[in-house]
Amino acid sequence: MAKVLLIAPPYRCWGVQVIGTWPPLQLAYLAGIAEESGHEVRLVDAMNNGYSFEDVKTDIAAWEPDFVISLDYLPVSGAISTATVPAALETLAIAKSVDPSIVTIIGGPHPTFLYEEILRDHPGVDYVIRGESEETLRALLAASATGTVGDVAGIAYRADGEIVANPMRPHIADLDTITPAWHLLDWSLYHYNIEPWGRMASILTTRGCMMGCSFCSHRAFWRGDWRARNPEKVLDEIRVLVEQYDVEFITLIDPYPTHDRDRWERQLDLLIEAKLPVHLLMETRVEDIIRDEDLLPKYKAAGIIHMYVGAETSTDEMLESLNKGTDVDMNKRALELLREYDIMSEASFMIGFPSETWETVAHTAAEAIRLNPDIAVFPVITPMPFTPLYDEVKDRIRVTDYSKYNLMTPILEPYEMSLDDVYRALAKCYMTFYSHKMREVAELPDGFKRRYMFSAFEQMMKDYGDRFDFLREGMGDGMPSDMPDLETMRRGHGG
Ligand code: SF4
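Residues numbered from 1 in each chain as written. Predicted model: local features only at pLDDT ≥ 70, side-chain atom pairs only at ≥ 80, totals over all residues. Heavy atoms only, no water.

Enquirer: What exactly am I supposed to notice about the packing of aromatic side chains here?
Expert: Working definition: an aromatic ring pair is given by the centre-to-centre distance plus the angle between the planes. Per the counting criterion, the structure on display carries 18 aromatic pairs. Between W187 and Y190, the aromatic rings sit 5.9 Å apart at their centres with planes inclined by 80 degrees, giving edge-to-face as the arrangement. We note that W187, like Y190, is buried. Their ring planes at 75 degrees and their centres at 5.7 Å tell us that W264 and Y299 sit as a pair that is edge-to-face. One end of the pair, W264, is in helix α10 (residues 261-274); the other, Y299, is in helix α12 (residues 296-301), and 35 residues separate them in sequence. Given a relative accessible area of 0%, Y299 falls into the buried group. The lysine or arginine in question, K3, covers the ring of W63, its NZ or CZ lying 4.8 Å from the ring centre. The positively charged end of R207 is found above the aromatic ring belonging to Y29, 5.2 Å away from the centroid. (Phe/Tyr/Trp six-rings, centres within 6.5 Å; stacked < 30°, edge-to-face > 60°. Buried < 20%, exposed > 50% of the residue type's maximum accessible area, 1.4 Å probe, protein only. Helix = DSSP H or I, 4+ residues; strand = E, 2+ residues; numbered from the N terminus. Lys NZ or Arg CZ within 6 Å of the ring centre and 35° of its normal.)

Enquirer: Before we go on, may I ask you to explain the pairing of strand β12 (residues 249-252) in this structure?
Expert: Side-chain direction in a regular strand flips from residue to residue, so the side chains alternate between the two faces of the sheet. Residue alternation in β12 divides its side chains into two sets, F249 and T251 and I250 and L252, and both sets are buried. Alignment of strand β9 (residues 198-203) against β12, held across 4 bridges, turns out to be parallel. The residue of β12 that forms the bridge with S202 is T251. Taken together, β12, α10 and strand β13 (residues 279-283) constitute a β-α-β crossover, and its handedness is right-handed. (Pairing = 2+ DSSP bridges. Right-handed = clockwise from strand over helix to strand, strands pointing away.)

Enquirer: What should I look at first to understand the sheet that holds strand β1 (residues 3-8) in this one?
Expert: One open sheet holds the 7 strands; their spatial order is β2-β1-β3-β4-β5-β6-β7, and the pairing between them is mixed. Because the sheet does not close on itself, it has two edges, and the strands there are β2 (40-45) and β7 (162-165). On average, each strand axis in the sheet is tilted by 20 degrees relative to the strand beside it, whichever way the strands run. Each of β1, β3 (67-71) and β4 (103-107) is contacted by helix α4 (residues 85-98), which is oriented at about 175 degrees to β4, the strand it contacts most. (Axes fitted to C-alpha atoms, helices over the stretch in contact; angles between N-to-C directions. Contact = heavy atoms within 4.5 Å.)

Enquirer: Teacher, can you tell me more about the site of the ligand here?
Expert: As a matter of local geometry, the ligand sits amid C209, M211, C213, F215, C216, H218, P255, R285 and K324. Residue composition of the shell around the ligand, by class: 6 nonpolar, 1 polar and 2 charged. (Near = heavy atom within 4 Å. Nonpolar A, V, L, I, M, F, W, Y, C, P; charged D, E, K, R; others polar.)

Enquirer: Help me out: how do you make sense of the environment of Y308 in this one?
Expert: With respect to the helices, strands and loops of the structure, Y308 is situated in strand β14 (residues 304-312). Residues within four places of Y308 in sequence aside, it is in contact with M282, E283, T284, E346, S348 and V377.

Enquirer: Which parts of the structure should I look at to understand the environment of P277?
Expert: Looking at where P277 falls in the secondary structure, it is placed in the loop between α10 and β13. Residue classification places P277 among the exposed residues on the basis of a relative accessible area of 62%. Sequence separation of P277 and Y127 is 150 residues, and the distance between their C-alpha atoms is 42 Å. Discounting chain neighbours no more than four positions away, the residues touching P277 are V242, V247 and E248.

Everything listed here is a matter of geometry and, on its own, says nothing about what the molecule does.
Laid out in structure tokens, this is it:
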């Protein structure tokens, strides 16, 4: 039996981390596999427990693991995980510095594709898991003891001074055969920071996506595959989280849970029947929301309170160039339906394209106001190095530090804007949208939506000190004069 330590690296950024803390689900799945294989397992969430790299080092030295495993990983989406890669690599280098005999393993989308770069430049990494990681980890832990890693599909490593990549492993046929080791988490770390607040968990109900959006890593990472879990098993897992771990919010972190309408309706019916006291947050594509107009009352009854959709850009031409398969009218219709059925909507609008100008930025902010989601986010277009978008825009890339690939830091320099301009434009989009939105929300009667949205505004505008403070930095010289005061608005005198 070996000692296996899984570490979520101490990486933090503005964005998803200001509205909540999510458990490291992918590491919990790996922890489950390692335990099932008979090993002694610990999971350390340095992303959320406040650890520094020095704390990580102390922990590794104290526990004396045989294996240390990290992933490129952000808790809410596999699509933006590249930003965590440097922290994961440093974590593994620290493990090697503590004891060179510790076997170090990294996995996730970015290492899957850039394994050569990682193994060439980072001697602290012994193995890269490429693709779906659970069964590969099981095989690697076993083979490492017998010196037969050459037979393990889905890994890359160094041998005789060469980098070797074994063949990829087929995907797991039945996703319900793997279970996260929920009992290894410190549940006090995970909470949703939006009123009515509560303990947060995340689950996967499907894996993969077959769509071909040029900026997204899911299709490439999952090789165009989409697999769904049995809805009954998903419900069982939700029940465990609610009843054993007192979870009150669950995020479905799969990007496309609604693809199979019949299965999805079965999932909703089971949730409605179970009447569990839990709120659900999720994302899906706008065409499925339009398709499911007649099912939206079931979405609501099943406990779905918050729906994220990728509106992505403000024009049909840009949507087409991103191969999104949607148009602005579909975005508008889907957001209208969510409003009609009283489900909180969140939509993203990317900025910072090579063709970006101050005029197109203003158009994007205006389109966000016209589409009127409850919450708008404005990610900076970020060419993850293994996406189709990367090849299209690589001559405009000005930032090569992967830790900055967090959707908040401009990476591409537009032809007619500087990187600083893009950063200011990003803050301007937030300010423009929310100065409108806060006035609208202030007019709402007191109730779930008004309180939910004011607490979301509060989290976004809070000063996070040296952890992250995006909006104030981005505006440079402070809030614009037309930005309403949050407290005045909340008290109902700001309309
Ligand atoms: S729909 Fe597009 S953006 Fe969403 S996961 Fe699939 S490929 Fe990615």
